[in-house]
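Listed below are the residues making up each chain.
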Amino acid sequence: MELLLLHLKIQENTSVFSVYAPIANPSECPWGVKAFTGFLGENKQAWKQYDATHLAKEYDGPKLEILLDQGGDDPYLTDKQLLPENFAASCSSNKLLNLNYRTQQGYDHGYFFIMSFMEDHSTLLLNTFVDTVSFVMFSLGNLTRNVYI
């Protein structure tokens, strides 16, 4: 949940991020309703600023690529505690958010689930980082060359 909020609220220096099994719509799940009521009170409008599904609907920052993996046999998914399908619907209605939502059938919320996709997430983030560093190094190289010529 926190990673989704961070990227949707801060809206800078990020073009790609990945998450797995997030609590994507806490204002609509039993755990979230209990927590938000306890911490924020009964005003459901106040909850929206801490709910990635609502933030995705209103997101107006730079285009984001999001990779989300979810275990198909995750008990928190079947108990309607995560609600990634609601987040996916919000992303599909916002042209600035490109969500790749993957369900890993046969996996729950544990170690083997994470190992089933970790290479994909690492590769995605590493490629984005390398592209960013390459651009910065190219820009700095041009700046240095222009200064000394």
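That block above? That's the structure.
Residues numbered from 1 in each chain as written. Predicted model: local features only at pLDDT ≥ 70, side-chain atom pairs only at ≥ 80, totals over all residues. Heavy atoms only, no water.

### Considerations on the overall build of the protein chain
Line of reasoning, step 1. Across its full length, the protein chain holds eight helices and three strands.
Line of reasoning, step 2. Beginning at the N terminus, the succession of helices and strands in the protein chain can be written as α-β-α-α-α-β-α-α-β-α-α.
Line of reasoning, step 3. Taken across its 149 residues, the protein chain has 36% of its residues classed as buried.
Line of reasoning, step 4. Partitioning the contacts of the protein chain with sequence separation of at least 6, the portion at a separation of at least 24 is 73%.
Line of reasoning, step 5. For the protein chain, the accessible area works out to roughly 9100 Å², and carbon and sulfur atoms hold 58% of it. (Helix = DSSP H or I, 4+ residues; strand = E, 2+ residues; numbered from the N terminus. Buried < 20%, exposed > 50% of the residue type's maximum accessible area, 1.4 Å probe, protein only. Contact = heavy atoms within 4.5 Å. Areas by Shrake-Rupley, 256 points an atom, 1.4 Å probe, with all protein chains shown as cover.)

### With respect to the nonpolar core
Line of reasoning, step 1. Grouped together as the largest cluster of nonpolar side chains are 18 residues, with contacts concentrated most on Leu8, Ile66, Phe87 and Leu97.
Line of reasoning, step 2. Going through the elements one at a time, α1 (2-10), β1 (16-20), α4 (52-58), β2 (64-71), α6 (84-92) and β3 (97-104) are the ones with two or more residues in this core.
Line of reasoning, step 3. With near-sequence residues (within four places) excluded, Leu97 lies in contact with Leu8, Ala56, Tyr59, Leu64, Ile66 and Cys91.
Line of reasoning, step 4. Ala21, Leu77, Leu82 and Phe117 belong to the second largest nonpolar core, which has five residues in total. (Core = buried A, V, L, I, M, F, W, Y, C linked by side-chain atoms within 4.5 Å.)

### Some thoughts on the pairing of β2
Line of reasoning, step 1. Among the eight residues in β2, seven count as buried, and that is most of the element.
Line of reasoning, step 2. Where β2 lies against β3, eight bridges are found, and the strand directions are parallel. Note that in β3 the partner of Leu64 across the bridge is Leu97. (Pairing = 2+ DSSP bridges.)

### Considering the sheet that holds β2
Line of reasoning, step 1. Strand order in the open sheet made by the three strands is β1-β2-β3, with parallel pairing throughout. Of all strands in the sheet, those bounded by a partner on one side alone are β1 and β3. Each neighbouring strand pair of the sheet contributes to a mean axis angle of 15 degrees, computed without reference to strand direction.
Line of reasoning, step 2. α6 rests against β2 and β3 of the sheet, and its axis sits at about 155 degrees to β3. (Axes fitted to C-alpha atoms, helices over the stretch in contact; angles between N-to-C directions.)

### What to know about the pattern of salt bridges
Line of reasoning, step 1. Scanning the entire structure with this criterion turns up three salt bridges.
Line of reasoning, step 2. The shortest N-O distance in the salt bridge between Glu85 and Lys80 comes to 3.7 Å.
Line of reasoning, step 3. Its relative accessible area of 47% is what places Lys80 among the partly exposed residues.
Line of reasoning, step 4. As a salt-bridge pair, Arg102 and Asp120 come within 3.0 Å of each other at their nearest N and O atoms. One end of the pair, Arg102, is in strand β3; the other, Asp120, is in helix α8 (residues 118-148), and 18 residues separate them in sequence.
Line of reasoning, step 5. Classification of Arg102 by relative accessible area gives partly exposed; the value is 22%.
Line of reasoning, step 6. Beyond isolated ion pairs, a larger network of salt bridges with shared partners links Asp69, Arg102 and Asp120. (Salt bridge = Lys/Arg side-chain N within 4 Å of Asp/Glu carboxyl O.)

### Section: helix α2 (residues 30-40)
Line of reasoning, step 1. Taken together, the buried positions of α2 are occupied by Gly32, Ala35 and Phe36. Down the axis of α2, the buried set is contained in an arc of 95 degrees. They therefore lie on one face. Away from its buried face, by an angle of more than 90 degrees, α2 presents the exposed residues Lys34 and Gly38.
Line of reasoning, step 2. Where α2 is buried, its residues meet α3 (44-47).
Line of reasoning, step 3. Residue Gly41 follows α2 closely and has a positive phi angle near 90 degrees. (Arc of directions from axis to C-beta.)

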